[in-house]
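Examination of the molecular architecture
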Amino acid sequence: MMRERREERARYAAPAAAPRVFDCLSHAARIRVILRSQTRIGTKDARAGSFSAFESRSGGHVFQDPLWYKDAVFYELHVKAFCDSSGDGMGDFRGLTSKLDYLVELGIDCLWLLPMYPSPMRDDGYDISDYCAIHPNYGSFDDFRSFLAAAHERGLRVITELVLNHTSDQHPWFLESRSSRDNAKRDWYVWSDTDDRYAGVRRIFVDTELSNWAWDPVSKAYYWHRFFSQQPDLNFDHPEVREAIWKVMKFWLEVGVDGFRVDAVPYLIEREGTSCENLPETHDVLRELRRRVDEEFPGRVLLAEANMPPDEVRPYFGNDDEFHMSFHFPVMPRLFMALRLEDRKPLVEIIERTPPIPDGCQWGLFLRNHDELTLEMVSDSERAYMYDSYAVDPNERINLGIRRRLAPLLEGDLRRVQLLNGILMSLPGSPFLYYGDEIGMGDNVYLGDRNGVRTPMQWDGGWNAGFSSADPERLCQPLISNPIYGYQAVNVDAQERNSHSLLNWTRRLIQLRRSTKVFGRGTVQFLAPANHRVLAYVRKLGEEQILIVNNLSSAAQAVELDLSSVAGAIPVEMFGGSLFPRIGEQPYVLTLSPHTFYWFRLRWF
Ligand code: GLC
């Protein structure tokens with residue numbers, strides 16, 4: 001299956017004007033030629049501003065559809081925690097490269113890499129001290145380039161982190177800025193003689209930071225920070241800062257990355273008397289960056305992290321001139337709420353409250369990520385309900401959220417894990433999987449900060465879970481080793497050997513999602529059956545229609561669906577291909593066992 005997919009992907013790579021000898025080769029030999037020629041291209045040093053792998057690929061028509069992200073399945077991972085090739089206990093780019101075939105086989109289209117830059121690691125790399133280099137723990141710059149080329153050869157795209165709101169306090173820009181009040185870079189950051197400006201602006205890391213201002217003993221002034229105090233905010237009112245960030249973007253786009261997940265975008269600009277969030281001036285900055293990307297690097301994607309209600313995120317798409325994608329944060333806690341309440345209302349309500357977005361734009365959906373399951377955007381009573389339902393132990397809570405992985409949140413219940421994944425893959429938007437969740441990895445809430453959901457990937461049941469040959473004490477994080485989620489019980493190797501494993505099931509789910517563009521591009525219409533434990537919707541694109549029916553309850557349910565608008569259709573269950581009774585004018589009756597779901601293609605035979 002993997003070979004077929006590689007060949008199918010590689011077909012897109014055929015050069016526009018193929019030499020005649022190429023025509024005489026067998027299909028497999030052609031692919032080898034294409035792959036070899038791609039490996040040779042794009043090897044000059046990107047720092048020297050040379051041609052890039054992407055340019056060579058786009059010249060070869062690899063990625064033709066500029067709206068590729070609308071159909072893509074994304075996979076988020078931390079290089080540090082994925083695979084260690086050098087035996088130093090730290091994942092690296094060579095290790096990641098050796099696992100690319102695993103990701104292709106899973107059905108992934110695009111990788112999202114967590115920060116991989118030099119950093120003092122006060123915020124797991126989100127405190128960057130050099131934007132244009134690779135953290136030495138993860139390998140060399142050449143390792144990164146080889147990784148990128150190897151990903152592209154397999155038709156995998158790669159987006160990286162663009163942390164623009166703040167730098168590390170060890171970044172040379174900040175060291176200069178703090179060195180004296182008349183330094184040329186003084187105004188690159190937000191300084192004040194008092195700590196009472198921008199009063200009332202909320203704190204985000206409420207468990208650690210008492211104020212958004214920190215005292216700098218060097219220049220004897222306060223500086224502004226929305227996250228840890230080791231992460232001073234850049235001053236985006238300063239044209240040189242905007243230019244410096246553009247240079248960073250240009251650098252990586254020339255190296256060949258396919259876009260950026262742009263960190264913490266609502267907080268770029270500060271204004272007295274406001275919340276300092278989502279300000280019009282912030283949008284101006286972002287629009288300008290998008291314009292420059294479109295001008296020089298068309299086809300690359302910008303994805304916003306704006307943890308806001310949907311009506312406040314909507315402006316980040318602009319008129320299709322700001323972000324291509326943005327995460328839909330509130331969908332995620334509401335999915336968990338709907339499941340616990342056994343009631344579709346919280347989910348339907350948030351999606352129906354979501355404004356339409358321009359045609360070229362797309363929502364990013366996720367169940368879990370590298371942060372806490374954030375509860376910032378729910379009401380106090382909803383948050384209390386979520387804590388009671390999913391984080392009774394205070395160790396499981398951090399800031400305004402829950403630091404747990406998907407499988408333990410759902411008490412290891414395979415049916416609920418599958419149900420939420422089924423909903424994730426079938427709602428409007430592009431799904432993001434978090435590494436390890438495809439095998440049901442566990443967490444360690446005693447590790448501090450959000451590290452408990454960032455433990456090494458569990459490849460097999462052997463030494464260090466196949467992650468590293470180092471002594472276990474040396475690993476970047478301890479492995480999960482309890483009897484339920486430990487690597488001897490939960491690992492890729494074991495699940496590859498079991499055709500009924502979560503891993504194999506997830507592969508199948510992704511394959512079905514990829515079999516049609518309806519999921520990524522179609523409309524959604526929710527049905528309103530009397531049984532509110534059932535969540536049913538129809539996805540439609542042109543003539544194609546898919547009916548999705550989910551049982552949110554832990555008990556079997558029967559439901560009557562009003563499907564008169566598609567009377568005459570035969571539902572074909574997508575996992576098994578069985579034909580269900582033809583739909584008529586009368587309510588369509590379905591029964592569902594606990595926490596199960598159906599995807600039906602509607603066919604008119
Ligand atoms: C984003 C990241 C988070 C980080 C924060 C500060 O929210 O997802 O991990 O701590 O930005 O950079």
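Relevant structure appears above.
The paragraphs below set out a description of the structure included in this document. Keep in mind it's a predicted model, so treat the numbers as computed, not measured.

Our focus in this paragraph is the site of the ligand. Looking at the ligand, there are 13 residues lining it, with D123, H166, D263, E305 and D371 nearest. Contact distances for the ligand include 2.7 Å between an oxygen atom and a side-chain N or O atom of E305. Between D371 and the ligand, the recorded distance is 2.5 Å, taken from a side-chain N or O atom to an oxygen atom. Contact with the protein chains covers 96% of the free accessible surface of the ligand, which is 300 Å².

Next up on the list: the sheet that holds strand β13 (residues 401-402). With antiparallel pairing, the 3 strands of this open sheet are ordered in space as β11-β13-β12. Two strands bound the open sheet, and with one partner strand each, they are β11 (373-374) and β12 (397-398). Relative to β13, β11 runs antiparallel, the two sharing 2 bridges. Within the sheet, the bridge partner assigned to L373 lies in β13 and is I402.

Further remarks concern the pattern of salt bridges. This structure, assessed with the given rule, holds 45 salt bridges. With its nearest N and O atoms 2.4 Å apart, the salt bridge here joins R291 to E295. One end of the pair, R291, and the other, E295, are both in helix α11 (residues 280-296), 4 residues apart, so they sit about a helical turn from each other. Of the residues examined, E295 reaches a relative accessible area of 55% and is grouped as exposed.

The next subject is the packing of aromatic side chains. By the definition in use, this model includes 50 aromatic pairs. The interplanar angle of 50° and the centroid separation of 4.5 Å between the aromatic rings of F205 and F228 together place this pair among those described as tilted. Residue F205 is found in the loop between β4 (191-192) and β5 (213-216), and its partner F228 is found in the loop between β6 (221-224) and α10 (239-255); the two are separated by 23 residues along the sequence. Of the residues examined, F228 reaches a relative accessible area of 10% and is grouped as buried. Centroid distance F251 to W252: 5.0 Å. Interplanar angle 85°. Geometry classified as edge-to-face. In this structure, F251 and W252 share a single accessibility class: buried. The structure contains a cluster of three or more aromatic residues connected by ring pairs, namely W68, Y69, F74, W112, F327, F329, F366 and F432. The ring of W188 carries K185 above its face, with NZ or CZ at 4.8 Å from the centroid.

Basis of the calculations
- Residues numbered from 1 in each chain as written.
- Predicted model: local features only at pLDDT ≥ 70, side-chain atom pairs only at ≥ 80, totals over all residues.
- Heavy atoms only, no water.
- Near = heavy atom within 4 Å.
- Polar contact = N/O pair within 3.5 Å; in protein donor to acceptor, adjacent residues only side chain to side chain.
- Areas by Shrake-Rupley, 256 points an atom, 1.4 Å probe, with all protein chains shown as cover.
- Pairing = 2+ DSSP bridges.
- Helix = DSSP H or I, 4+ residues; strand = E, 2+ residues; numbered from the N terminus.
- Salt bridge = Lys/Arg side-chain N within 4 Å of Asp/Glu carboxyl O.
- Buried < 20%, exposed > 50% of the residue type's maximum accessible area, 1.4 Å probe, protein only.
- Phe/Tyr/Trp six-rings, centres within 6.5 Å; stacked < 30°, edge-to-face > 60°.
- Lys NZ or Arg CZ within 6 Å of the ring centre and 35° of its normal.

Functional significance is not addressed by these values, which are geometric in nature.
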